Amino acid sequence: MVHSATDILIIGGGIIGLLTAKFLSEEGHKVTLLERKQPAQESSWAGGGILSPLYPWRYPDSVNQLAQWGHQYYPTLANSLRQQTHIDPEYYQTGLLIAAPDEIDQAQTWAEKFGHSIGILDE
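Numbers given for residues are sequential positions, taken from 1 along each chain in its written order. Two thresholds apply to this predicted model, a pLDDT of at least 70 for residue-level local features and 80 or more for giving and counting side-chain atom pairs, whereas whole-chain, interface and lining totals are computed over all residues. Neither water nor hydrogens contribute to the side-chain values; these are computed over all heavy atoms in the structure.

Draft legend 1. Structural context of the overall build of the protein. Within the protein, the secondary structure is distributed over four helices and two strands. Its helices and strands in sequence order give the protein the pattern β-α-β-α-α-α, from N to C terminus. Just to be clear, the radius of gyration here is over C-alpha atoms, and the globule rule we use is 2.2 Å times residues to the power 0.38. For 123 residues, the compact-globule formula gives about 14 Å, and the C-alpha radius of gyration of the protein, at 19 Å, lies well above that figure. Projected onto the principal axes, the alpha-carbon positions of the protein cover approximately 65 × 30 × 25 Å. For each residue, the accessible area found with a 1.4 Å probe, counting protein chains only, is set against the maximum for its type, and the residue is called buried under 20%, exposed over 50%, and partly exposed in between. A total of 123 residues make up the protein; the buried ones form 17% of that total. Within the protein, residue pairs in contact and separated by at least 24 positions form 41% of the contacts whose partners lie at least 6 positions apart. Within the protein, one finds 7 positive and 14 negative side-chain charges whose respective centroids are separated by 12 Å. Only DSSP runs of H or I with at least four residues qualify as helices, and only runs of E with at least two residues qualify as strands; both kinds are numbered from the N terminus onward. Contacts are residue-level and defined by heavy atoms, with any inter-residue pair within 4.5 Å sufficient. The sign given to each residue is positive for Lys and Arg and negative for Asp and Glu; His and the chain ends receive no count. In plain terms, the charge of a residue is placed at NZ if it is Lys, CZ if Arg, CG if Asp and CD if Glu.

Structure (structure tokens):
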């Protein structure tokens, strides 16, 4: 049996592990990825590609900044993955519906701070 050397071992085949392996491999590293079950089928699958936290105004700015970066980067990544694999990652840009009338002021402050539009639906 011939073994090839591995530069990097990644444990976990969720979206982060898979993308880390992809990018490191593209940089010329020999990567081995270990996953105990089916790749991208546990928490990555359950998360459904959601980039924003629910009630984002309840989170620190650092979390919102990371989510904002994801919103900017993800469309390009999804398109690249579709072209490379011929698998549709089913990226859809949608909004967020929040049923928390007592948090409208916090939501509006958050939206202004991070450059998002917000609308209030009539009952």
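Draft legend 2. Spatial organisation of helix α4 (residues 104-114). Listed as buried for α4 are Ala-107, Trp-110, Ala-111 and Phe-114. Along the axis of α4, the buried positions cluster into a sector of 100 degrees, meaning they face one direction only. Turned more than 90 degrees away from the buried face of α4, the exposed residues are Asp-105, Thr-109, Glu-112 and Lys-113. Contacts from the buried residues of α4 go to α3 (61-85). One or two residues past the end of α4 sits Gly-115, with phi positive at roughly 75 degrees. When we speak of the arc, we mean the arc of directions from the helix axis to the C-beta atoms.

Draft legend 3. View of the pairing of strand β1 (residues 8-11). For two strands to be treated as a pair, DSSP must find no fewer than two bridges joining them. In this structure, β1 lies alongside strand β2 (residues 31-34), joined through four bridges in parallel fashion. Counted as the bridge partner of Ile-11 is Leu-34 from β2. The handedness rule is simple: strands pointing away from the viewer, and a clockwise path from the first strand over the helix to the second, make the crossover right-handed. At this point the chain moves from β1, through helix α1 (residues 15-26), to the parallel β2, and the crossover so formed is right-handed.

Draft legend 4. Structural context of the side chain of Glu-103. Locating Glu-103 in the fold gives a position in the loop between α3 and α4. Overall, Glu-103 belongs to the buried group, its relative accessible area being 11%. Glu-103 has contacts with Tyr-55, Trp-57 and Arg-58, leaving out every residue within four places of it along the chain.

Draft legend 5. Representation of the environment of Leu-96 within the structure. Secondary-structure assignment places Leu-96 in the loop between α3 and α4. Along the chain, Leu-96 and Ile-118 lie 22 residues apart, while their C-alpha atoms are 9.3 Å from each other. The residues touching Leu-96, leaving out its near neighbours within four places in the chain, are Leu-54 and Pro-56.

Draft legend 6. Looking closely at the packing of aromatic side chains. Stacked, edge-to-face and tilted are the three classes for Phe, Tyr and Trp ring pairs, Trp counted by its six-membered ring, which pair at centre distances within 6.5 Å; planes under 30 degrees apart are stacked, over 60 edge-to-face, the rest tilted. Inspection of the entire model under this criterion finds five aromatic pairs. Between the aromatic rings of Tyr-74 and Tyr-91, the centroid separation amounts to 5.3 Å while the plane-to-plane angle is 55 degrees, which identifies the pairing as tilted. Highlighted residues: Tyr-74 in helix α3 and Tyr-91 in the loop between α3 and α4, separated in sequence by 17 residues. Note on geometry: a ring has a charge over it if NZ (lysine) or CZ (arginine) is within 6 Å of the ring centre and within 35 degrees of the ring normal. Over the ring of Tyr-55 we find Arg-58; its NZ or CZ atom is 3.9 Å from the centre of that ring.

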